[in-house]
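Structure assessment
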Amino acid sequence: GQQVMQIPQYQHVQEGEDFTTYCNSSTTLSNIQWYKQRPGGHPVFLIQLVKSGEVKKQKRLTFQFGEAKKNSSLHITATQTTDVGTYFCAGPRRGSTLGRLYFGRGTQLTVWP
Amino acid sequence: GAVVSQHPSWVICKSGTSVKIECRSLDFQATTMFWYRQFPKQSLMLMATSNEGSKATYEQGVEKDKFLINHASLTLSTLTVTSAHPEDSSFYICSARDTFRGLAGGNEQFFGPGTRLTVL
């Protein structure tokens, strides 16, 4: 069945270091979304990528969508303590007209000051 | 904009009782809402899709009779955990799509703050 896999599960970095999380889908996706969940909080939408090979930036965050539209990555440059949280990628379920999403397992980022 | 609320934020109940969780879209209308379950340090597991005015669509393995969903209006969906047992203890989160606006053409989901359910 359709799966969205995400690695690594955990990442601990020193403040100022870079961070990357990778997302892979077993099927081609029409789009991929990224969410951030702070400790004790709820997921918050970050961005959506639609086009093959698309790259989008939000300040220190860079999002990429693979050419085959089956993988994606989120890269954070020079992490800060405010980046702490779990980052999820999510892809639409194949054939779903209701907007259902498959969420990856998430990458929990810890930033040491 | 696009704010989703949930009530209660936490609830403790005895085994065998039923618990109702409300999910409201405060500043937009949501024809579709989603109910997720999240275990500690784990991902979001979609339980069901709530459709206004029609029956909910449940994911495989989710018991319809145990997790009753009602989407009575365009701003309210409820999840009732019937005859709750300790294994139902979890973090339940709802989300909604604002199909008329949003940064991703209505595809992104706006999440409520979640409800922590503890069944004794």
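Residues numbered from 1 in each chain as written. Chains lettered and ligands numbered in written order. Predicted model: local features only at pLDDT ≥ 70, side-chain atom pairs only at ≥ 80, totals over all residues. Heavy atoms only, no water.

Turning to the overall build of chain B, a few remarks are in order. Along chain B, the regular secondary structure elements total zero helices and eleven strands. Helices and strands in chain B line up, N terminus first, as β-β-β-β-β-β-β-β-β-β-β. For 120 residues, the compact-globule formula gives about 14 Å, and the C-alpha radius of gyration of chain B, at 14 Å, lands near that figure. Counting all 120 residues of chain B, 53% fall into the buried class. Counting only contacts in chain B whose residues sit at least 6 apart along the sequence, the fraction spanning at least 24 positions is 55%. On chain B, roughly 5,700 Å² of surface is accessible, and the fraction owed to carbon and sulfur atoms is 54%. (Helix = DSSP H or I, 4+ residues; strand = E, 2+ residues; numbered from the N terminus. Rg over C-alpha atoms; globule rule 2.2 N^0.38 Å. Buried < 20%, exposed > 50% of the residue type's maximum accessible area, 1.4 Å probe, protein only. Contact = heavy atoms within 4.5 Å. Areas by Shrake-Rupley, 256 points an atom, 1.4 Å probe, with all protein chains shown as cover.)

Turning to the pattern of salt bridges, a few remarks are in order. Within this structure, the stated rule accounts for six salt bridges over all chains. In this structure, Glu54(A) and Lys56(A) form a salt bridge, with 3.7 Å as the shortest nitrogen-oxygen distance. Exposure remark for Glu54(A): the relative accessible area of 15% places this residue in the buried category. With a closest N to O distance of 2.9 Å, Asp83(A) and Arg60(A) form a salt bridge. Taken together, the residues Asp83(A) in the loop between strand S8 (71-76) and strand S9 (85-92) and Arg60(A) in the loop between strand S6 (55-58) and strand S7 (61-65) connect sequence positions 23 residues apart. On the accessibility criterion, Asp83(A) (4% relative accessible area) is buried. One network of salt bridges, with partners in common, ties together Arg93(A), Arg100(A) and Glu59(B). (Salt bridge = Lys/Arg side-chain N within 4 Å of Asp/Glu carboxyl O.)

Taken residue by residue, the interface counts 24 residues in chain B and 22 residues in chain A. At the boundary of chain B with chain A, total buried surface from both sides reaches about 1,800 Å², with 53% on carbon and sulfur atoms. When the buried area of chain B at its contact with chain A is split by residue, Lys41(B), Ser43(B) and Phe111(B) rank highest and sum to 25% of it. Summed over the shared surface of chain B and chain A, the number is two salt bridges. Counting across the interface, chain B meets chain A through six residue pairs in polar contact (both at pLDDT 80 or more). Taken together, the elements giving at least two residues each to the side of chain B that touches chain A come down to strand S4 (32-38), strand S5 (44-51), strand S9 (90-97) and strand S10 (109-111) of chain B. Partitioned by chemical class, the residues of the side of chain B that touches chain A number ten nonpolar, ten polar and four charged. (Buried area = accessible area lost by both parts, 1.4 Å probe. Polar contact = N/O pair within 3.5 Å; in protein donor to acceptor, adjacent residues only side chain to side chain. Nonpolar A, V, L, I, M, F, W, Y, C, P; charged D, E, K, R; others polar.)

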